[in-house]
Amino acid sequence: MTAPLEGRTAIVTGASRGIGLAAAAGLHAAGANVVLTARTREAAEAAASTVGERALGIGAHATDQTRARACVDRTMETFGSVDILVNNAGTNPAYGRVLSQDHARFAKTFDVNLWAPVMWSQLVVEAWMQANGGSIINTASISGLAPDPDLGLYGASKAALIFLTQQLAAELGPGIRVNAIAPGVVRTRLAELLWKDHEPEVAGRIPLKRIGEPEDVAAAIVFLAAPSSSWITGETLVIDGGQRLGATIPDVTAADFRAGDSAGDRT
Ligand SMILES: NC(=O)c1ccc[n+]([C@@H]2O[C@H](COP(=O)([O-])OP(=O)(O)OC[C@H]3O[C@@H](n4cnc5c(N)ncnc54)[C@H](OP(=O)(O)O)[C@@H]3O)[C@@H](O)[C@H]2O)c1
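Read on for a plain summary of the structure. (Residues numbered from 1 in each chain as written. Predicted model: local features only at pLDDT ≥ 70, side-chain atom pairs only at ≥ 80, totals over all residues. Heavy atoms only, no water.)

1. A closer look at the site of the ligand
Moving on, step 1. Near the ligand there are 28 residues, and of these Ser16, Arg39, Asn88, Tyr154 and Thr188 occur at the shortest range.
Moving on, step 2. Serine 16 places a side-chain nitrogen or oxygen 2.7 Å from an oxygen atom of the ligand.
Moving on, step 3. Look at the ligand: alone it shows 900 Å² of surface, and the protein chains cover 95% of it.
Moving on, step 4. Secondary-structure elements contributing two or more residues to the shell around the ligand are α1 (18–29) and α5 (152–172).
Moving on, step 5. Of the residues contributing to the shell around the ligand, the split by class is 14 nonpolar, 10 polar and 4 charged. (Near = heavy atom within 4 Å. Polar contact = N/O pair within 3.5 Å; in protein donor to acceptor, adjacent residues only side chain to side chain. Areas by Shrake-Rupley, 256 points an atom, 1.4 Å probe, with all protein chains shown as cover. Helix = DSSP H or I, 4+ residues; strand = E, 2+ residues; numbered from the N terminus. Nonpolar A, V, L, I, M, F, W, Y, C, P; charged D, E, K, R; others polar.)

2. Regarding the pattern of salt bridges
Moving on, step 1. Per the stated rule, a full pass over the model turns up 9 salt bridges.
Moving on, step 2. The salt bridge partner of glutamate 192 is lysine 196, with a shortest N-O separation of 3.8 Å.
Moving on, step 3. We classify glutamate 192 as partly exposed; its relative accessible area is 31%.
Moving on, step 4. Ionic pairing is found between arginine 210 and aspartate 216, a salt bridge with its closest N-O pair at 2.8 Å.
Moving on, step 5. Bridged by salt links that share partners, the residues Arg187, Glu199 and Glu213 form one connected network. (Salt bridge = Lys/Arg side-chain N within 4 Å of Asp/Glu carboxyl O. Buried < 20%, exposed > 50% of the residue type's maximum accessible area, 1.4 Å probe, protein only.)

3. Thoughts on the side chain of threonine 188
Moving on, step 1. Along the polypeptide, threonine 188 turns up in the loop between β6 (176–183) and α6 (192–195).
Moving on, step 2. By relative accessible area, which is 14% here, threonine 188 ends up buried.
Moving on, step 3. Residue contacts for threonine 188: discarding those within four places in its chain leaves Gly18, Ile19, Trp195 and Pro214. (Contact = heavy atoms within 4.5 Å.)

4. Considering unusual backbone geometry
Moving on, step 1. Omega for the bond connecting glycine 173 with proline 174 falls within 30 degrees of zero, at 0°, which places this linkage in the cis form.
Moving on, step 2. Topologically, proline 174 is positioned in the loop between α5 and β6.
Moving on, step 3. With a phi angle near 60°, lysine 209 is a residue other than glycine that sits in the positive phi range.
Moving on, step 4. The class of lysine 209 is partly exposed, set by a relative accessible area of 48%.

5. Considerations on a positive patch on the surface
Moving on, step 1. Taken together, the side chains of Arg17, Arg39, Lys108 and Arg189 present a region of like positive charge at the surface.
Moving on, step 2. Its place among the elements puts arginine 189 in the loop between β6 and α6.
Moving on, step 3. The exposed category is assigned to arginine 189, whose relative accessible area is 53%. (Patch = residues over 30% accessible without salt bridge, like charges linked within 9 Å, V, L, I, M, F, W, Y side chains within 5 Å. Lys, Arg positive; Asp, Glu negative; His and termini not counted. Charge placed at Lys NZ, Arg CZ, Asp CG, Glu CD.)

6. Considerations on helix α3 (residues 65–79)
Moving on, step 1. Taking 1.5 Å of rise per residue, the 15 residues of α3 would be expected to cover 21 Å, and the 21 Å separating its terminal C-alpha atoms lies within 8% of that figure.
Moving on, step 2. Within α3, the full set of buried residues consists of Ala68, Cys71, Val72 and Thr75. End-on, the buried residues of α3 take up no more than an arc of 95°, which puts them together on one face. Among the exposed residues of α3, those pointing more than 90 degrees away from its buried face are Thr66 and Glu77. (Expected span 1.5 Å × (residues − 1). Arc of directions from axis to C-beta.)

7. Focus: the sheet that holds strand β3 (residues 55–59)
Moving on, step 1. Judged by pairing direction, the sheet is parallel, and its 7 strands sit side by side in the order β3-β2-β1-β4-β5-β6-β7 without closing on themselves. Each of the sheet's edge strands pairs with one partner strand only, and the pair in question is β3 and β7 (236–239). For this sheet, the mean inter-axis angle between neighbouring strands, taken without regard to orientation, is 20°.
Moving on, step 2. As judged from the 5 bridges shared by strand β2 (residues 33–38) and β3, these two strands associate in the parallel manner. Bridge pairing in β3 links valine 35 to leucine 56.
Moving on, step 3. On top of the sheet, α5 reaches β5 (134–139), β6 and β7; it is set at about 160° to β6, its chief contact. (Pairing = 2+ DSSP bridges. Axes fitted to C-alpha atoms, helices over the stretch in contact; angles between N-to-C directions.)

8. Looking at the pairing of β2
Moving on, step 1. Within β2, 6 of the 6 residues are buried, which leaves the element mostly enclosed by the surrounding structure.
Moving on, step 2. Along β2, one buried face is formed by Asn33, Val35 and Thr37 and the opposite face, lined by Val34, Leu36 and Ala38, is buried too.
Moving on, step 3. Examined bridge by bridge, strand β1 (residues 9–12) and β2 share 4 bridges and lie parallel to one another. Bridge pairing in β2 places threonine 9 opposite asparagine 33.
Moving on, step 4. Of the crossover connections in this fold, the one passing from β1 over α1 to the parallel β2 is right-handed.
Moving on, step 5. Chirality of the crossover, the property in question, places the unit of β2, helix α2 (residues 41–51) and β3 among those that are right-handed. (Right-handed = clockwise from strand over helix to strand, strands pointing away.)

In structure tokens:
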């Protein structure tokens, strides 16, 4: 088995659990050294210890520039490069209608979901990627692609993150690729409100008939980090089991095919 990311180093923000932890594990399995961040050092170190030998946990709130800089510096000292940045830390303190929100919830949502990816990108580009190239992956959401009754402000921040991905891809090519992923409902703590008490109903509305697992999303992150995606930039890869299609259509039967044939015969 080849290790496409051997010798590369990745920082994954918000990696103590959920999608970030699965991404860190996936990148590590693909050969990368991995730095995992979380708001506390304890949570980050505990998560890193589950990932493997080439994993380091660092406490850094996603919007704390001093801690972020210290994290990038420590990554450079420990592993000698920062080839991959996964801007994964995200928050949603603003569940409900947009006009019921206040400035504090707006500011927190946009600080963590949009400003942090800008700031972490600045730091890794300056420290390594400008001279050596790299891949930046932003964790957006299908909430950023279409309105949702209760996720409007969060969705607006993710829509802006999708645009930021395109903008940075245009600004940072050819050496640095910038892509986003847009997951649907994934089994994590952040999204519990969306699935925990009614999983069968949610799964039933998804063409692939299940909610996502963090590993489903991690696989896409590894792909966008790896050389196999070297001609992809500015894209947003949806990983949602078809949820975004908005409808499931009952199984096609043999009779449906016969009906189609006879319709064809009539023309
Ligand atoms: N789950 C879904 O259905 C879904 C769908 C679409 C997009 N997403 C996106 O996926 C990303 C990961 O979310 P998740 O679902 O995996 O949630 P999760 O399981 O709750 O994990 C969130 C992670 O982010 C960390 N974190 C939270 N706030 C942070 C901050 N300010 N600074 C640094 N780290 C922070 C948490 O660590 P600590 O608490 O230890 O700090 C935790 O490791 C988010 O950007 C989210 O918007 C999720």
